[in-house]
Amino acid sequence: MSKADKKLVIFSDIDVEKALKNALQKPRPDLISEVRESGLKGRGGAGFPTAVKWNLAASAQGDRKFVICNADEGEPGTFKDRVLLTDYAEQLVAGMVLAGYAVGAKEGIIYLRAEYTYLRKNLEATLEKMRGRKLLGKKISGKDFEFDIHIHMGSGAYICGEETALIESLEGHRGEPRNRPPFPVTVGYLGCPTSVNNVETFITALHIVEKGAKWFKTYGTEKSTGTKLFSVSGDCDKPGVYELPMGITIKKLLETVGGEDAKAVQVGGASGTCVPRKDFDRAIAYEDVSTGGSIIVFGPFRDMLEVAINFMEFFCDESCGQCTPCRLGTETLLEGLDMLDEGKCSLKYLRELCSLGETMQVASKCGLGQSAPNAFLSIVENFKSEILDSRCTCR
Amino acid sequence: MLASERDQLKAEIIKMAKKHDQHRSGLIPVLQHVQNVSRHISPEAMQDIAEAFKIHPVEVQGVVSFYSFLSTEKKGKFIVRLCRTISCDMAGKEAVANQLENELDIEFGETTDDGMFTLEFTNCLGMCDQGPAMLVNEDIYAKVTPEKVADIIDSYRNRFGAHVTQGEHA
Ligand SMILES: Cc1cc2nc3c(=O)[nH]c(=O)nc-3n(C[C@H](O)[C@H](O)[C@H](O)COP(=O)(O)O)c2cc1C
Ligand code: SF4
Ligand code: FES
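All figures in this text were calculated on a predicted structure; none of them were measured in a lab. (Residues numbered from 1 in each chain as written. Chains lettered and ligands numbered in written order. Predicted model: local features only at pLDDT ≥ 70, side-chain atom pairs only at ≥ 80, totals over all residues. Heavy atoms only, no water.)

Focus: the overall build of chain B
Stage number 1. When its secondary structure is counted, chain B shows seven helices and four strands.
Stage number 2. Ordering the α and β elements of chain B from the N terminus gives α-α-α-α-β-α-α-β-β-β-α.
Stage number 3. Considering only C-alpha atoms, chain B reaches an extent of 50 × 30 × 25 Å along its principal axes.
Stage number 4. Per-residue burial for chain B yields a buried fraction of 51% across its 170 residues.
Stage number 5. When contacts within chain B are restricted to residue pairs at least 6 apart in sequence, those whose partners lie at least 24 apart make up 64%.
Stage number 6. When the accessible surface of chain B is split by element, carbon and sulfur atoms take 48% of a total near 7900 Å².
Stage number 7. Across chain B, 18 positive and 26 negative side-chain charges occur, with their mean positions spaced 7 Å apart. (Helix = DSSP H or I, 4+ residues; strand = E, 2+ residues; numbered from the N terminus. Buried < 20%, exposed > 50% of the residue type's maximum accessible area, 1.4 Å probe, protein only. Contact = heavy atoms within 4.5 Å. Areas by Shrake-Rupley, 256 points an atom, 1.4 Å probe, with all protein chains shown as cover. Lys, Arg positive; Asp, Glu negative; His and termini not counted. Charge placed at Lys NZ, Arg CZ, Asp CG, Glu CD.)

Given below as structure tokens:
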């Protein structure tokens with residue numbers, strides 16, 4: 001794996017104890033200011049400015065507040081959080097303590113997906129070790145600040161990565177997303193102000209606070225500052241986790257991972273977009289093609305219809321079923337794809353399916369239903385002739 | 001289930017619920033525990049759990065049916081979950097799936113007659129760079145090939161009688 005190839009930000013060296021102690025010396029507003037100055041946006045996919053979230057949680061009314069680490073990593077093609085949870089657990093814990101200090105929370109929760117149960121033992125050991133070093137628990141590094149973390153296991157549901165579904169699940173309910181507002185920063189876990197952040201976000205914030213926003217901004221673009229971890233899989237020579245500057249073009253990324261001959265790349269997992277070869281000059285950044293880090297490479301001989309079917313099966317399976325556009329929409333799109341596969345879909349019906357997809361993007365309650373049609377729409381748009389030609393029944 | 005087993009499980013349920021002050025946030029940890037020890041969540045267990053948390057059994061059932069790692073149907077001692085998502089699919093999961101069916105002599109969604117193995121598909125396991133990926137209970141396997149399938153399965157068969165739990169959810 002190539003994760004240690006380059007040590008830019010997230011993989012750069014850091015003395016966790018020193019970094020945390022330094023951070024806790026700073027006044028809270030300064031800490032949030034540094035993160036704001038860095039332009040850090042959430043690394044879980046949605047890209048919400050981290051400092052804004054922390055500030056809202058900090059200023060929300062409530063005696064009890066929570067910091068939650070979203071370790072539900074379920075987006076197809078994403079595995080960078082697994083690497084962080086395995087090899088950088090101390091940094092994660094320190095990042096959560098820092099966030100707790102910034103927002104005024106005493107309690108932290110790591111929501112770990114059931115599929116990652118094998119990581120739990122190590123994480124528990126890290127927590128225990130950090131308690132022993134007085135970096136977690138009561139009177140952290142001698143200060144009048146306490147913060148502790150416990151691990152809550154998921155039970156196998158992709159939708160629980162959505163932050164309000166995650167909170168529902170923590171509260172012992174079906175993981176069905178809530179209506180927003182109110183947002184978790186004001187009404188979150190147990191009705192208390194809650195900041196939910198991705199694993200990578202906490203770790204990146206720790207580095208920023210220790211090494212400065214200015215340093216962080218030497219990487220990336222104006223709107224997408226810093227570096228990001230990319231989980232690269234599919235048809236390339238060197239799959240794995242890469243730390244790369246934001247704003248990198250798809251072409252450059254493919255050169256890095258040995259996937260130059262790709263005919264398309266799925267950026268952002270099943271919820272993301274399928275970018276065809278002609279658009280490989282596009283940049284991976286919040287202002288262009290956005291991603292939580294999943295990059296799936298499709299080689300010259302991949303059947304793009306099969307890809308679209310696989311993604312839609314995923315969404316049919318994982319839709320929580322709470323709202324109609326998503327529940328019925330995913331099923332209808334999958335049936336449409338099957339018709340295409342059998343060479344039995346009229347172009348008129350295909351257009352109807354595309355407009356159904358567009359309706360889902362606006363009418364679905366949460367990000368799952370809103371993004372479920374993305375792959376369908378981009379694959380149909382870019383590979384229509386390939387699909388129709390390969391499934392022609394008239395020959 | 002024997003009456004005494006049910007009593008014992010019920011006692012554990014009550015104890016765990018108490019630990020959570022009978023607050024609903026303790027419900028899923030309790031369900032995970034019951035799933036681990038009895039490989040499913042029976043109607044009786046749901047009844048006991050509902051009582052312990054002072055909620056309606058239908059509420060419990062609603063939660064159980066939502067999560068793929070909780071089930072009302074009894075699962076095998078070892079649950080084999082093969083990733084069927086795109087990267088593993090492209091890496092050859094179909095051949096692995098086929099060989100799993102051959103070795104276990106069951107189809108996906110089924111449990112072997114001896115109650116040892118359940119075979120299931122699952123979605124992305126976060127091992128996409130090393131597919132095809134597979135979980136057996138909580139153990140992860142990467143780059144699984146049809147040839148390796150038999151060895152992996154045998155290593156669990158041979159653990160028969162050994163103390164096996166599915167995890168440490170408690
Ligand atoms: C269907 C769905 C699944 C999601 N899964 C995850 C996930 O596995 N991990 C994650 O960090 N964020 C996930 N998110 C995003 C979260 O809702 C939330 O925005 C994120 O955890 C916030 O953290 P961040 O600001 O640090 O990115 C998901 C969102 C949706 C709509
Ligand atoms: S969009 Fe889909 S996943 Fe989201 S709430 Fe509606 S049915 Fe559930
Ligand atoms: S696609 Fe199989 S582990 Fe991610």
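A short note on a negative patch on the surface
Residues and elements named next belong to chain A.
Stage number 1. A contiguous patch of negative charge, built from Glu313, Glu331, Glu335, Asp338 and Glu342, is present on the exposed surface.
Stage number 2. Tallying contributions element by element places helix α12 (residues 324-341) first for the negative patch, with three residues.
Stage number 3. Inspection of the secondary structure puts aspartate 338 in helix α12. (Patch = residues over 30% accessible without salt bridge, like charges linked within 9 Å, V, L, I, M, F, W, Y side chains within 5 Å. Salt bridge = Lys/Arg side-chain N within 4 Å of Asp/Glu carboxyl O.)

Quick word on the interface of chain A and chain B
Stage number 1. Contacts between the two partners involve 51 residues from chain A and, on the opposite side, 35 residues from chain B.
Stage number 2. Between chain A and chain B, roughly 3300 Å² of surface is buried when both sides are summed, and carbon and sulfur atoms account for 57% of that area.
Stage number 3. For the chain A face of the interface with chain B, the top three residues by lost area are Tyr118, Ser155 and Arg174 of chain A, together amounting to 18%.
Stage number 4. For the interface between chain A and chain B, the tally reads two salt bridges.
Stage number 5. Linking arginine 84 of chain B and aspartate 317 of chain A is a salt bridge whose minimum nitrogen-to-oxygen distance equals 2.5 Å.
Stage number 6. Viewed at the interface, chain B and chain A are joined by 23 residue pairs in polar contact (both at pLDDT 80 or more). (Buried area = accessible area lost by both parts, 1.4 Å probe. Polar contact = N/O pair within 3.5 Å; in protein donor to acceptor, adjacent residues only side chain to side chain.)

As for the domain arrangement of chain A
Often the size quoted for an interface is simply the accessible area lost on bringing the parts together.
Residue and element names in this part refer to chain A.
Stage number 1. Entries for chain A in the domain assignment read domain 1 (16-216), domain 2 (227-298) and domain 3 (304-391).
Stage number 2. Between the C-alpha centres of domain 1 and domain 2 the distance comes to 26 Å.
Stage number 3. Every contact between the two is made by 17 residues of domain 1 and, on the other side, 19 residues of domain 2.
Stage number 4. In total, about 1300 Å² of surface goes out of reach between domain 1 and domain 2, with carbon and sulfur atoms giving 56% of it.
Stage number 5. Of all residues in domain 1, Arg43, Phe79 and Lys80 give up the largest surface area on contact with domain 2, accounting jointly for 36% of the area buried on that side.
Stage number 6. Taken together, domain 1 and domain 2 are joined by one salt bridge.
Stage number 7. Between lysine 228 and glutamate 200 there is a salt bridge, with its nearest N and O atoms 2.7 Å apart.
Stage number 8. Where domain 1 packs against domain 2, one counts twelve residue pairs in polar contact (both at pLDDT 80 or more). (Domains from an automatic or database assignment.)

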